[in-house]
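Next come the chains, spelled out residue by residue.
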Amino acid sequence: MSSSEQVYFQDFPKDIARLVIEYLADLNRHDAASCALVSKEVKAWVEPILYSSIKISRGSDLYRIHRLVTNPNSSKPPNFFANHVKKLAFMRSMSKMDQVIEILKACPGICTLTFWHIETRESSYLTLQKELHNLARSSPSGVPFSNLRQLSLKCPIFPRGQRHFVHPIFRNLTHLEAFEGFWLDGGGWSWKTGLRNLKHLTHLRVPAPLVDPGHSLQERLEKILKLCPSSLQVFIVWIAHPSRGGGVPANELEAFKTGDIDSRVVLAHTEDNTFGEDSTGYALFYPYEDRVRDWSGVELDGLWRRAEELIERRRSRLQAE
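Residues numbered from 1 in each chain as written. Predicted model: local features only at pLDDT ≥ 70, side-chain atom pairs only at ≥ 80, totals over all residues. Heavy atoms only, no water.

Asks: Explain the overall build of the chain to me, please; I cannot follow it from the model alone.
Replies: Looking only at helices and strands, the chain features 11 helices and nine strands. Counting across all 321 residues of the chain, residues that qualify as buried make up 48%. Total accessible area on the chain is roughly 16700 Å²; 50% of this is exposed by carbon and sulfur atoms. (Helix = DSSP H or I, 4+ residues; strand = E, 2+ residues; numbered from the N terminus. Buried < 20%, exposed > 50% of the residue type's maximum accessible area, 1.4 Å probe, protein only. Areas by Shrake-Rupley, 256 points an atom, 1.4 Å probe, with all protein chains shown as cover.)

Asks: Looking at this structure, I do not really get the sheet that holds strand E2 (residues 87-90). What am I missing?
Replies: Spatial ordering of the open sheet is given by E1-E2-E3-E4-E5-E6-E7-E8-E9, a layout of nine strands whose pairing is parallel. Lying at the two open borders of the sheet, with one neighbouring strand each, are strand E1 (53-56) and strand E9 (283-285). The mean inter-strand angle of the sheet, taken between neighbouring strand axes irrespective of direction, is 10°. As judged from the four bridges shared by strand E4 (residues 150-153) and strand E5 (residues 175-178), these two strands associate in the parallel manner. Bridge pairing in E5 places Leu151 opposite Leu176. (Pairing = 2+ DSSP bridges. Axes fitted to C-alpha atoms, helices over the stretch in contact; angles between N-to-C directions.)

Asks: Before we go on, may I ask you to explain the nonpolar core in this structure?
Replies: Proteins that are soluble and globular tend to have nonpolar side chains buried together. Grouped together as the largest cluster of nonpolar side chains are 64 residues, with contacts concentrated most on Phe90, Leu113, Phe115, Phe170, Trp191 and Phe235. Counting residues per element, this core draws most heavily on helix H6 (residues 97-106), at six residues. With residues near it in sequence (within four places) discarded, Phe170 still touches Leu151, Leu153, Phe158, His164, Phe165, Leu176, Trp189 and Leu198. Among the nonpolar cores identified, the runner-up in size contains 17 residues, and Trp116, Ile236, Trp295 and Ala307 belong to it. (Core = buried A, V, L, I, M, F, W, Y, C linked by side-chain atoms within 4.5 Å. Contact = heavy atoms within 4.5 Å.)

Asks: How should I be thinking about the packing of H6 against helix H7 (residues 122-138) in this particular structure?
Replies: Put simply, H6 and H7 touch, their axes get as near as 10 Å, and they point 20° apart. Classified by the interaxial angle, the pair formed by H6 and H7 is roughly parallel. By crossing handedness, the relation of H6 to H7 is classed as right-handed. Two secondary-structure elements touch here, H6 through Met97, Ile101, Leu104 and Lys105 and H7 through Ser124, Thr127, Leu128, Glu131 and Leu135. In terms of residue class, the contact of H6 with H7 is made up of five nonpolar, two polar and two charged. (Parallel < 35°, antiparallel > 145°, perpendicular 65-115°, else oblique. Left-handed = near helix turned anticlockwise from the far one by under 90°. Nonpolar A, V, L, I, M, F, W, Y, C, P; charged D, E, K, R; others polar.)

Asks: Teacher, can you tell me more about the pairing of strand E7 (residues 234-239) here?
Replies: On a regular strand, each side chain points to the face opposite its neighbour's, so the side chains alternate between the two faces of the sheet. When you tally the buried positions in E7, you get six out of six residues, the bulk of the element. When strand E6 (residues 203-207) meets E7, the two strands line up parallel, connected through five bridges. Bridge pairing in E7 links Arg205 to Ile236. With five bridges connecting them, E7 and strand E8 (residues 265-269) associate as parallel partners. Note on E8: the bridge partner recorded for Ile236 is Val266.

Asks: What's the story with the environment of Trp45 in this structure? I'm lost.
Replies: One can find Trp45 in helix H3 (residues 40-50). A C-alpha to C-alpha distance of 7.0 Å links Trp45 and Arg18, two positions 27 residues apart in sequence.

Asks: Just to check I follow, could you spell out the environment of Cys155 for this structure?
Replies: Topologically, Cys155 is positioned in the loop between E4 and E5. The spacing of Cys155 and Tyr125 is 30 residues in sequence and 9.8 Å in space, taken between C-alpha atoms.

Asks: Got a minute to help me understand the pairing of E4 in this structure?
Replies: In this structure, strand E3 (residues 112-115) lies alongside E4, joined through four bridges in parallel fashion. Along E4, the bridge assignment pairs Thr114 with Ser152.

Asks: Which parts of the structure should I look at to understand unusual backbone geometry?
Replies: Working note: non-glycine residues mostly have negative phi, and peptide bonds are mostly trans. Phi at Asn79 is positive, roughly 60°, even though this residue is not glycine. By the element assignment, Asn79 lies in the loop between helix H4 (59-70) and helix H5 (80-84).

Asks: Looking at this structure, how should I read the pattern of salt bridges?
Replies: Where charged atoms from two side chains of opposite charge approach closely, those side chains can pair. Per the stated rule, a full pass over the model turns up six salt bridges. Put simply, Lys76 and Glu47 hold a salt bridge, and the shortest N to O gap is 3.5 Å. Here Glu47 lies in helix H3 and Lys76 lies in the loop between H4 and H5, a separation of 29 residues in the sequence. Exposure remark for Lys76: the relative accessible area of 14% places this residue in the buried category. (Salt bridge = Lys/Arg side-chain N within 4 Å of Asp/Glu carboxyl O.)

In structure tokens form, the structure reads like this:
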């Protein structure tokens with residue numbers, strides 16, 4: 001074949017063509033949507049990639065996804081969403097709890113679940129708790145989503161008096177991000193109930209308390225770390241808007257600088273250069289936009305891995321001193 005000859009996509013063997021299409025679709029969702037328009041066959045190749053990660057940011061998203069997963073006349077194969085949806089993110093306040101639950105039921109194979117905003121009424125939390133427990137009882141594994149390993153909570157999802165880690169949804173987690181009222185004795189959440197029994201948990205991220213006149217951050221960290229399972233390897237303290245009073249007092253940073261704090265602890269902050277240039281050994285800049293991308297299904301060089309690398313560097317440095 002001369003260098004001037006044109007090669008058309010249809011000239012490739014079908015298996016090679018499929019690999020190329022799937023690779024392009026995996027790199028860019030916009031390209032995946034474009035590829036789906038090529039033909040019915042190509043659409044069948046890329047749709048599992050398109051729907052592997054679902055982000056629901058608006059009421060219109062909720063309506064659209066709910067209609068897709070509950071449509072009895074869907075052109076998609078049976079159990080399509082159950083088999084292919086791996087990441088599911090509720091990013092904004094949702095007023096239709098019944099639709100949220102229907103979507104959850106349709107996606108039992110999820111590995112990553114983000115609950116940032118749903119209805120905040122206690123009745124909604126009771127409904128969600130009941131349905132999650134029903135899913136657990138009907139599952140052979142005894143958990144509502146047997147493949148679920150990463151969970152991000154910006155709302156409690158359970159009613160007061162039931163906010164603890166005994167719920168089956170936590171059982172197989174390796175990564176947990178818990179925000180808004182999740183500190184000890186805050187928001188009605190009990191860290192003491194069940195956290196130590198999460199034997200698979202390796203990564204935990206929590207917010208720094210804004211005000212705690214009775215105890216230093218280090219004291220509170222030590223207290224909560226004693227409640228964590230021995231499997232825990234990374235403990236990230238998220239500091240949002242440190243310039244607005246959410247930071248760590250300067251006199252408390254010394255323990256981080258000297259390494260006297262537990263070596264698993266890493267600070268993450270939303271404002272660049274919060275602690276100065278000498279903070280690279282214990283703190284990571286992590287703007288809100290990156291967090292949204294991480295938890296909404298976009299693959300990034302995520303904070304978890306960056307924290308692991310920082311911890312390893314810090315341990316090596318301390319061993320060398």
